[in-house]
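Residues per chain, in single letters:
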Amino acid sequence: MPRIQKGAIPSPNIWNTPGVYETENRAVDPDGVADRRLRELRSWDGATILDVGCGTGYHLPAYAVHARAVIGVEPHGDLAAAARRRCAALPGVTVHTATAQALPLPDRSVDVAVARWAYFFGPGCEPGLAELARVLRPGGAAFVIDLDATRGSFGRWFRRTVPQYSPERVETFWARQGWHREELDLRMSFATRADLEAVLRIEFSPEVAEAAAAETPGLDLPYPNVLRWRRYG
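All values reported here derive from a predicted model rather than from experimental measurement.

Asker: Looking at this structure, how should I read the side chain of Asp-29?
Answerer: Locating Asp-29 in the fold gives a position in the loop between α1 (18–27) and α2 (33–41). Salt bridges are absent for the buried Asp-29, whose nearest opposite-charge side chain, Arg-116, sits at 5.5 Å. In contact with Asp-29, other than residues within four places in its own chain, are Ala-34, Asp-35, Leu-186 and Arg-187.

This is the structure we're talking about:
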């Protein structure tokens, strides 16, 4: 059995199907829109970057190209171990098995924190946000990238799969926390239909995944996201 940190919120996709999630990571944002915008808002050059909910560490090597140090935090022990193997040849990368609510880092030790489809969905995530405020240095910035459930077919499929999700409640929460909001028009681009349909099956209920596949004739899929960000003192 994998070692799961207490308080972790189970992920319905990467925890159960990390191989398919790897395919999804390769497909998402081939144009580099999200990373380009993050770097415009806060440079990664020479920074200490924290990836909250890093999974198998897919994004850690890209951060390490520019950063002085990269720290991954992942509550699922098997995924954290995979991230360590992925980054074994990168001396500036460290991966901890821990939760966002209890970051194993000193105060004011991070310049940039990123949570990408990983935790901060709205009400209930206050402990993780408090930890970000603790570990970020003055002049640092935190970024949360998430699906925009209010837009496009992808958002509609998500709302059908998770009908209890309230975009309005989530938006109200983030506005009260004082975070900025920007729309990101991303896309997924797949090598094969089998890959596309496998990803739809881990993102949506079986009925919705079947309908989504029928609505998607090619290998590209619009993926509307929202970037939330905040600078710290």
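Having put the structure on the table, let's press on.
Asker: Is there a simple way to explain the packing of aromatic side chains in this structure?
Answerer: Each aromatic ring pair is specified by the distance between its two centres and by the angle formed by the two planes. The final tally for this structure, using the stated rule, is 9 aromatic pairs. For the pair Phe-158 and Tyr-165, a centre-to-centre distance of 5.1 Å together with 85° between the ring planes defines the contact as edge-to-face. Note on accessibility: Phe-158 and Tyr-165 belong to one class, buried. Where Trp-174 meets Trp-179, the ring centres are 4.9 Å apart and the plane angle is 70°; that geometry is what we call edge-to-face. According to the relative accessible area criterion, Trp-179 is buried, its value standing at 9%. In textbook terms, an aromatic cluster arises when at least three aromatic residues are bridged by ring pairs, as seen for Trp-117, Phe-154, Trp-157, Phe-204 and Tyr-223. Lying across the ring of Trp-117, Arg-116 places its NZ or CZ 6.0 Å from the centre.

Asker: When you look at empty space enclosed by the protein in this model, what are you seeing that I'm missing?
Answerer: A probe as big as a water molecule, rolled over the atoms, marks out the empty space that is left. Counted according to the given criterion, the structure contains 1 cavity of 30 Å³ or more. When its volume is computed, the largest cavity comes out at roughly 30 Å³. The wall of the largest cavity is formed by Leu-147, Asp-148, Ala-149, Thr-150, Tyr-165, Pro-167, Glu-171 and Arg-228. For the lining of the largest cavity, the residue count by class is 4 nonpolar, 1 polar and 3 charged.

Asker: I would appreciate a short explanation of unusual backbone geometry in the present structure.
Answerer: For residues besides glycine, phi is generally negative; the peptide bonds are generally trans as well. In the Ramachandran plot, Asp-29 falls in the positive-phi region, its phi being about 55° despite a non-glycine side chain. Look at Asp-29 and you get buried, because its relative accessible area is 13%. Even without a glycine there, the phi angle at Trp-117 is positive, about 55°. Its place among the elements puts Trp-117 in the loop between β4 (110–116) and α5 (126–135). For Trp-117, a relative accessible area of 17% corresponds to the buried category.

Asker: Help me understand helix α8 (residues 193–203) in this model?
Answerer: Given 3.6 residues to a turn, an α-helix orients residues that are three or four positions apart in the same direction. Where α8 is concerned, the buried positions are Leu-196, Ala-198, Val-199, Leu-200, Ile-202 and Glu-203. Looking at the buried side of α8, the elements it contacts are α1, α6 (152–161), β6 (180–189), α9 (206–215) and β7 (220–232).

Asker: Honestly, the nonpolar core in this entry has me stumped. Any pointers?
Answerer: One broad rule of soluble globular proteins: the nonpolar side chains tend to lie buried together. Grouped together as the largest cluster of nonpolar side chains are 74 residues, with contacts concentrated most on Leu-50, Leu-60, Leu-132, Phe-143, Met-188 and Leu-200. Looking at this core element by element, the count peaks at 7 residues for strand β5 (residues 136–147). The contact partners of Leu-50, leaving out residues within four places of it in the chain, are Ile-71, Val-73, Leu-103, Leu-105, Val-110, Val-112, Ala-113, Val-114, Leu-132 and Val-135.

Asker: Teacher, can you tell me more about the sheet that holds β7 here?
Answerer: Whenever strands of a sheet pair, they do so through backbone hydrogen bonds, lying parallel or antiparallel. Here 7 strands make up an open sheet; going across it, the order is β3-β2-β1-β4-β5-β7-β6 and the pairing mixed. Each edge of the open sheet carries a strand with a single partner, namely β3 (93–97) and β6. Direction aside, neighbouring strands of the sheet carry axes that sit 20° apart on average. Sheet contacts for α2: β4, β5, β6 and β7; angle to β6, the most-contacted strand, approximately 150°. Relative to β7, helix α7 (residues 167–177) is tilted by about 25°, and along the sheet it contacts β5, β6 and β7.

Asker: Got a minute to help me understand the packing of α8 against α9 in this structure?
Answerer: For any two helices packed against each other, the geometry is given by the interaxial angle and the distance between the axes. Viewed as axis vectors pointing N to C, α8 and α9 meet at an angle of 145°, and their least axial separation amounts to 8 Å. Viewed along their axes, α8 and α9 form a crossing whose handedness is right-handed. Residue-level contacts link Arg-193, Glu-197, Leu-200 and Arg-201 of α8 to Ala-209, Ala-212 and Ala-213 of α9. Residues of the contact of α8 with α9, tallied by class, amount to 4 nonpolar, no polar and 3 charged.

Cut-off values and rules
Throughout, residues of each chain are indexed from 1 in the direction in which the sequence is written. Restriction of local features to residues with pLDDT of at least 70 applies here, the model being predicted, together with a cutoff of 80 or more for giving and counting side-chain atom pairs; totals for whole chains, interfaces and linings are based on all residues. For the side-chain quantities, the full set of heavy atoms in the structure was used; hydrogens and water were omitted. Helix numbers and strand numbers start at the N terminus; a helix is a DSSP run of H or I with at least 4 residues, a strand a run of E with at least 2. Exposure classes here rest on a 1.4 Å probe applied to the protein chains alone. A residue is buried below 20% of its type maximum, exposed above 50%, and partly exposed in between. When charges are tallied, Lys and Arg are placed among the positive residues and Asp and Glu among the negative ones, while His and the ends of the chain are skipped. Counted as salt bridges are all cases of a side-chain nitrogen of Lys or Arg within 4 Å of a carboxyl oxygen of Asp or Glu. Note on contacts: a residue pair qualifies if any of its non-hydrogen atoms lie within 4.5 Å across the two residues. Classification of ring pairs uses Phe, Tyr and Trp, with its six-membered ring standing for Trp, and accepts pairs whose centres are within 6.5 Å; under 30 degrees between planes counts as stacked, over 60 as edge-to-face, and the remaining range as tilted. Consider the ring centre and the ring normal. A charge sits over the ring if Lys NZ or Arg CZ is within 6 Å of that centre and within 35 degrees of that normal. Site definitions follow a grid-based scheme: protein atoms alone, a 1 Å grid, a 1.4 Å probe that fits but cannot get out for cavities, and for pockets an open set with protein on both sides within 12 Å along at least five of seven lines, plus lining residues having an atom within 4 Å of a point. Grid points are joined across faces, edges and corners, and a volume is the space filled by probe spheres set on the points. Put simply, Ala, Val, Leu, Ile, Met, Phe, Trp, Tyr, Cys and Pro go in the nonpolar bin, Asp, Glu, Lys and Arg in the charged bin, and everything else, Gly too, in the polar bin. Buried Ala, Val, Leu, Ile, Met, Phe, Trp, Tyr and Cys residues that are joined via side-chain atoms within 4.5 Å together make up what is termed a nonpolar core. A pair of strands is treated as paired once DSSP finds two or more bridges between them. Note on geometry: axes are C-alpha line fits, over the in-contact stretch for helices, and angles between N-to-C directions span 0 to 180 degrees. We call a crossing left-handed when the near helix sits turned anticlockwise from the far one by less than a right angle, and right-handed when that turn is clockwise.

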